[in-house]
Amino acid sequence: MVSRARRIANVARSVRLVPTLPAATLLVCALTACGGGVHGTPGGSGVRDPYFPKAGNGGYDVTHYGLRLAYDPGAHHLAGTATLTARATKDLSAFDLDLLGMEVEQVTVGREVARWNRAGQELTVRPHDDIGRDDTFRVTVRYSGAPETVTDPDGSEEGWLRTPDGALAVGEPTGSMTWFPGNHHPSDKAAYDLTVTVPKGLRAVSNGELRSETTARGRTTFVWHTGEPMASYLATLAIGRFDISRSRAGDLPVYTAVDPAEAAASRGVLGRLPEVLRWSERRFGPYPFSTTGAIVDDAAFVGYALETQSRPVFPGAPDITFLVHELAHQWYGDSVTPESWRDMWLNEGFATYAEWLWAEDHGGRSAQETFDAVYSGAYFDTEEAGEEIWEFPPADPPSAARISGPPVYWRGAMVLQKVRQAVGDDRFFPILKGWAATHRYGNADTADFTAYVEKQAPGADLEGVWETWLFGDGKPERP
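To keep things clear, this report deals only with the structure shown in the data block. Quick caveat, the model's predicted, so the values are computed rather than measured.

What follows concerns the overall build of the protein. Scanning the protein from N- to C-terminus turns up twelve helices and 23 strands. For 479 residues, the compact-globule estimate of 2.2 N^0.38 gives 23 Å, and the protein sits close to it at 23 Å. Taking the principal axes of its C-alpha atoms as reference, the protein extends roughly 65 × 50 × 40 Å. Here the protein holds 479 residues, and the buried ones make up 59% of them. Approximately 18000 Å² of the protein is accessible, and the part contributed by carbon and sulfur atoms is 49%. Here the protein contributes 45 positively and 63 negatively charged side chains, and the mean placements of these two sets differ by 6 Å.

Laid out in structure tokens, this is it:
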């Protein structure tokens, strides 16, 4: 993500069957949530994230989202059916889903209609029978209404954003709950299949691979598939008029969707996308997904770009630095996803450092020279911007409003340069690749990272890096 603060500062910025019953009986149980004498307890609302304690839910793990949506931009009306396939991690008498706004019409678990109630963003589902631990179950929610825009603690907007010709759905950190029910915390990743119907003449662009596009009776239906695990905040949907480009970067399909108003200004930079991908693979390892591309909307009011999985979103024509940043996130943030929102520097520090490496490899300042400029404040356009990066440690933002603050970006990148200094290039660059490979498609936190680096560089003096640059308060003394 390229945050609002960042832009201002830059200005220039499976079914599991338990083998105790015949397989056919087990499958029926899995899909109907049969209790079999289970005495469960509620799954719990929230996973106690340090900044968004009600985000996500306890008691289950989602493995697949099947979303069927129809949107009418003129009436600002969304009708949806969401089918979630999940595995219970405990005996469940009830479980919660996150859904903000919208009207719930019916909930079923397996083939049985379930009882449900709502309180704020919590949709509590009480299945007909308890669900046993390790059972796979399906819950289907039918809902409709006018999806909401969310104002985040830092003042930025996310969720369902209306545009002049349609809508743009972006979800970092919690906005995806405005357009589909789910377990909306980055620690629960899943595969997605999304079917979207819109008025003829408009397009619906999402993550992953476009499987089909059909038009009938004045409406067009698009089917998108994301097979690799994805956190819900990385799901996107752009509806509107777009110029579509299909190409390849080596063997990788590239699909870009650009608002006609941004087409001319975007052409040059988007044309370099295969070049940026080749460079990124040299630095970070094999690209983690089956497709790539970009969405460029005419939506300057959004104020930030976002690393939506396999197809980053830009609210206007990007420059090469923004493209490098958001594509780097495909490794750091999308494939390797933070365990909680406290670990945002593992997203943004890495993507910012990717910018420094790009410059270093393309005739610009070395990463060390950029580090020096950031440390002195000369990198920034104002003295105030230069001071903001020392307001808190990158691994410990003080509040939900600061998880995308300047220290997370620039001081996070400085941590990586200090690691590079401590271990040397011969170890550092394999660490960049190895970190992405070791946690590919999973979640990781700061402790995982520091332990990984120490294991890969035994004998390196890293204690001061962690204490001073990653967790220390204020501007460190420069040795």
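Compared with the 16 Å implied by 1.5 Å per residue over twelve residues, the 16 Å span of helix α4 (residues 273-284) between its first and last C-alpha is a close match. At the C-terminal side of α4, G285 shows a positive phi close to 105°.

This paragraph deals with the packing of helix α7 (residues 367-376) against helix α9 (residues 406-423). Where α7 contacts α9, the two axes come as close as 10 Å, and the packing angle between them is 135°. Judged on the interaxial angle alone, α9 and α7 are oblique. Between α7 and α9 lies a crossing of left-handed hand. When α7 is examined against α9, the residues A367, Q368, F371, V374 and Y375 are found in contact with a partner set consisting of W410, M414, Q417, K418, R420 and Q421. Residue composition of the contact of α7 with α9, grouped by class: six nonpolar, three polar and two charged.

We now examine the sheet that holds strand β17 (residues 237-240). Pairing between sheet strands relies on hydrogen bonds along the backbone, with the strands arranged either parallel or antiparallel. Spatial strand order, β10-β11-β12-β17-β14: five strands in an open sheet with antiparallel pairing. Two strands in the sheet have a free side with no partner beyond their single neighbour: β10 (149-151) and β14 (203-206). Across the sheet, the mean angle from the axis of one strand to that of its neighbour is 20°, orientation sign disregarded. Taken together, the four bridges between β14 and β17 define a ladder with antiparallel strand orientation. When the sheet's bridge partners are listed, A204 is paired in β17 with I239.

Okay, the environment of D319 next. Structurally, D319 can be placed in the loop between β21 (313-314) and α5 (320-328). Counting along the chain gives 51 residues from D319 to G268, while the straight-line C-alpha distance between them is 9.1 Å. Reaching out from D319, the side chain makes a polar contact with the backbone nitrogen of T321 at a distance of 3.2 Å. A distance of 2.9 Å separates a polar side-chain atom of D319 from the backbone nitrogen of F322.

Before going further, it helps to examine the packing of aromatic side chains. Under the defined criterion, the tally for this structure stands at 36 aromatic pairs. Taken together, a centroid distance of 5.5 Å and an interplanar angle of 80° make the contact between W345 and F449 edge-to-face. With W345 in helix α6 (residues 345-361) and F449 in helix α11 (residues 446-456), the pair connects residues that are 104 residues apart, well separated along the chain. Accessibility assignment for this pair places W345 and F449 in one class, buried. Sitting over the face of the ring of F429, R283 holds its NZ or CZ atom 4.1 Å from the ring centroid. Lying across the ring of Y375, K475 places its NZ or CZ 4.4 Å from the centre.

Here we take up the packing of α5 against α6. At their nearest, the axes of α5 and α6 sit 8 Å apart, and the two run at 135° to each other. Between α5 and α6, the angle is such that the two are oblique. As for how α5 packs across α6, the hand of that crossing is right-handed. Residues I320, T321, V324, H325 and A328 of α5 form the contact with α6, whose participating residues are E348, A351, T352, A354, E355 and W358.

Taking strand neighbours across the sheet as the criterion, the four strands line up as β18-β19-β20-β21 in an open arrangement whose pairing is mixed. Strands with a single pairing partner mark the edges of an open sheet, and in this sheet they are β18 (243-249) and β21. Pairing of strand β20 (residues 292-296) with β21, which is carried by two bridges, proceeds in the parallel orientation. Bridging from a neighbouring strand, V296 pairs with F314 of β21.

This next bit is on the pattern of salt bridges. The tally for this structure, following the rule as stated, stands at ten salt bridges. Here R420 and E360 are joined by a salt bridge, their closest N and O atoms 3.0 Å apart. Residue R420 is located in helix α9, and its partner E360 is located in helix α6; the two are separated by 60 residues in the primary sequence. Judged by relative accessible area, which is 10%, R420 ranks as buried. R402 is the salt-bridge partner of E391, the closest N and O atoms lying 2.3 Å from each other. Taken together, the positions of E391 in the loop between α8 (383-388) and α9 and R402 in the loop between α8 and α9 put the pair eleven residues apart, joining distant regions of the chain. Given the relative accessible area of 46%, E391 is considered partly exposed.

About the thresholds
Going along each chain's sequence as written, the residues are numbered from 1 onward. Under the rules for a predicted model, residues below a pLDDT of 70 receive no local features and side-chain atom pairs below 80 are neither given nor counted, while totals for whole chains, interfaces and linings still include all residues. Hydrogens and water are ignored here; the side-chain numbers use all heavy atoms of the structure. A helix here means a DSSP run of H or I that spans at least four residues, while a strand means a run of E at least two residues long, and both kinds are numbered starting from the N terminus. We compute the radius of gyration over the C-alpha atoms and compare it with the globule rule, which gives 2.2 Å times the number of residues raised to the power 0.38. Each residue gets one of three labels from its accessible area relative to the maximum for its type: buried under 20%, exposed over 50%, partly exposed in between, using a 1.4 Å probe on protein chains only. Methods summary: accessible areas were calculated by the Shrake-Rupley approach with a probe of 1.4 Å, and residue burial reflects only the protein chains presented. Charge counting treats Lys and Arg as positive and Asp and Glu as negative, with His and both chain ends excluded. Think of each charge as sitting on NZ of Lys, CZ of Arg, CG of Asp or CD of Glu. For a helix, the expected span equals 1.5 Å multiplied by the residue count minus one. The convention used is that axes are lines fitted to C-alpha atoms, helices contributing only their stretch in contact, and that angles between N-to-C directions extend from 0 to 180 degrees. Working definition: roughly parallel below 35 degrees, roughly antiparallel above 145 degrees, roughly perpendicular at 65 to 115 degrees, and oblique for all remaining angles. Less than a right angle of anticlockwise turn of the near helix away from the far helix marks a crossing as left-handed, whereas a clockwise turn marks it as right-handed. Contacts are assigned to residue pairs that have any heavy atoms within 4.5 Å of one another. When residues are sorted by character, Ala, Val, Leu, Ile, Met, Phe, Trp, Tyr, Cys and Pro go into the nonpolar class, Asp, Glu, Lys and Arg into the charged class, and all the rest, Gly among them, into the polar class. When DSSP finds two or more bridges between two strands, those strands count as paired. Under the rule applied, a polar contact is a pair of N or O atoms within 3.5 Å (in protein, one hydrogen donor and one hydrogen acceptor; residues adjacent in sequence only if both atoms are side-chain atoms). Between rings of Phe, Tyr and Trp, where Trp is taken as its six-membered ring, a pair exists when centres lie within 6.5 Å; planes separated by under 30 degrees are stacked, by over 60 edge-to-face, and by other angles tilted. The criterion is that NZ of a Lys, or CZ of an Arg, lies within 6 Å of the ring centre and within 35 degrees of the ring normal, and then a charge sits over that ring. Counted as salt bridges are all cases of a side-chain nitrogen of Lys or Arg within 4 Å of a carboxyl oxygen of Asp or Glu.

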